[in-house]
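# Summary of structural features
Chain by chain, the residues:
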Amino acid sequence: MLRTVVLGASTGLGRCIGLGLAARGGRVALLARSKDKLDDAAHEAGHGAVAIACDAADEGSCRAGIEAAAAALGGIDSLIYAAGIGPLARVEQAGAAVWRRAFDVNVLGATLATAAALPHLRESKGKAIYLSTIGSSYTPPWPGLAVYQVTKAALDRLVEAWRAEHPSVGFTRLTLGDCAGGEGDAMTHFASAWDPDVAGEMGQKWVERALLTGSLIDVEHLVEIVDGLVRAGASVNVPSVTVTPRPPSD
Ligand SMILES: NC(=O)c1ccc[n+]([C@@H]2O[C@H](COP(=O)([O-])OP(=O)(O)OC[C@H]3O[C@@H](n4cnc5c(N)ncnc54)[C@H](OP(=O)(O)O)[C@@H]3O)[C@@H](O)[C@H]2O)c1
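Please read these numbers as outputs of a predicted model, since none were measured by experiment.

On to the overall build of the chain, then. A count of helical and extended segments in the chain gives 7 helices and 7 strands. A compact globule built from 250 residues should have a C-alpha radius of gyration of about 18 Å, and the chain, at 17 Å, falls within 12% of that. Along the first, second and third principal axes, the C-alpha atoms of the chain reach 50 × 40 × 35 Å. Here the chain holds 250 residues, and 43% of them are scored as buried. The contacts in the chain between residues at least 6 apart in sequence include a share of 72% that link residues at least 24 apart.

Turning to the site of the ligand, a few remarks are in order. Taken together, 30 residues form the shell around the ligand, and within it Gly12, Arg33, Ser34, Gly84 and Thr188 come nearest. Of the residues in the shell around the ligand, the class split is 14 nonpolar, 13 polar and 3 charged.

Strands sit in the order E3-E2-E1-E4-E5-E6-E7 across an open sheet of 7 strands; the sheet is parallel. Each of the sheet's edge strands pairs with one partner strand only, and the pair in question is strand E3 (50-53) and strand E7 (240-243). On average, adjacent strands in this sheet sit at an angle of 20° to one another, irrespective of strand direction. Judged from the 4 bridges that link them, strand E4 (residues 78-81) and strand E5 (residues 127-133) form a sheet pairing that is parallel.

With that settled, consider helix H1 (residues 12-23). Helix length check: H1 (12 residues) gives 17 Å between terminal C-alpha atoms against 16 Å at 1.5 Å per residue, within 8%. Along H1, the positions that sit buried rather than exposed are Gly12, Leu13, Gly14, Arg15, Cys16, Ile17, Gly18, Leu19, Gly20, Leu21 and Ala22. Close packing links the buried residues of H1 with strand E1 (3-7), strand E2 (27-32), helix H2 (35-45), E4, E5 and helix H7 (219-231). Of the residues trailing H1, glycine 25 is marked for its positive phi of about 100°.

Among the secondary structure elements, alanine 113 is positioned in helix H4 (residues 96-124). The buried category is assigned to alanine 113, around which 27 C-beta atoms lie within 10 Å.

In this section: the packing of H1 against H7. Two numbers describe how H1 lies on H7: the axes approach to 9 Å, and their chain directions differ by 60°. Of the possible angle classes, the one that applies to H1 and H7 is oblique. Of the two possible hands of crossing, H1 and H7 adopt the one that is right-handed. On H7, the residues touching Leu13, Cys16, Ile17, Gly20 and Leu21 of H1 are Val219, Leu222, Val223, Val226, Asp227 and Val230. Tallied by class, residues from the contact of H1 with H7 come to 9 nonpolar, 1 polar and 1 charged.

Calculation criteria
- Residues numbered from 1 in each chain as written.
- Predicted model: local features only at pLDDT ≥ 70, side-chain atom pairs only at ≥ 80, totals over all residues.
- Helix = DSSP H or I, 4+ residues; strand = E, 2+ residues; numbered from the N terminus.
- Rg over C-alpha atoms; globule rule 2.2 N^0.38 Å.
- Buried ≥ 20, exposed ≤ 12 C-beta atoms within 10 Å, placed from the backbone.
- Contact = placed C-beta atoms within 7 Å.
- Near = placed C-beta within 6 Å.
- Nonpolar A, V, L, I, M, F, W, Y, C, P; charged D, E, K, R; others polar.
- Pairing = 2+ DSSP bridges.
- Axes fitted to C-alpha atoms, helices over the stretch in contact; angles between N-to-C directions.
- Expected span 1.5 Å × (residues − 1).
- Parallel < 35°, antiparallel > 145°, perpendicular 65-115°, else oblique.
- Left-handed = near helix turned anticlockwise from the far one by under 90°.

Read these as layout, nothing more, since geometry by itself doesn't imply function.
Shown next as structure tokens:
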């Protein structure tokens, strides 16, 4: 039974991935800060799923969370780093605290979690998969999302740096277009703290510039792709996978 740690599993895509892998027979450890949401998710997942409170941006909490997950699962075959925040702010108004917090969660947490999981991933010849965005590489910059997209671009490079130093582990950058997730806590909470006025102004620019298309990835189809990645054999590297929504008609 494949053992997967999903960090960022309390809401949105991480939660859908954790539940989806459990439904396909995997054993999952679900990590994030919101323990109540994780407990609900682990209960829903069944199959021995465990819920572990963990702040990815705090070195001690991150290391302890990954260690607790490895102990509960008896090792780690895959780490999925889904934790992420996307503050919305005009670039000149994003202050140091906003930048630091985004780097802490989107970049620092990813490397801390990977370092903590490394001995287990080397032992299992396992994989580490990081959720990134098309806005960090494939599209022009989105107004209002500079902090998010710049930190995700740093994450993209971080994944390459890890692969360069640890080639026996399979490192994958999973670059995504828009996906709403599921329902309730499984819905993306990504925009929940956005100022509605700024969101309205920026949303109009995204539509005008054809950045926001209105098409969405079906989260079940995303879970199928992640399931394939965690099942891939140890002889292959899958450095990068890009998933974008296909419009329903021409
Ligand atoms: N939805 C999309 O269209 C889309 C597109 C491209 C990429 N992505 C990426 O997919 C990932 C999930 O996004 P989402 O849309 O599902 O957003 P979401 O619902 O806001 O999920 C973010 C997750 O990250 C966790 N998290 C935040 N700060 C954390 C911290 N300090 N320590 C541990 N966990 C933390 C949150 O849990 P707690 O708050 O409980 O800690 C939550 O589980 C993100 O990395 C995002 O950049 C999403």
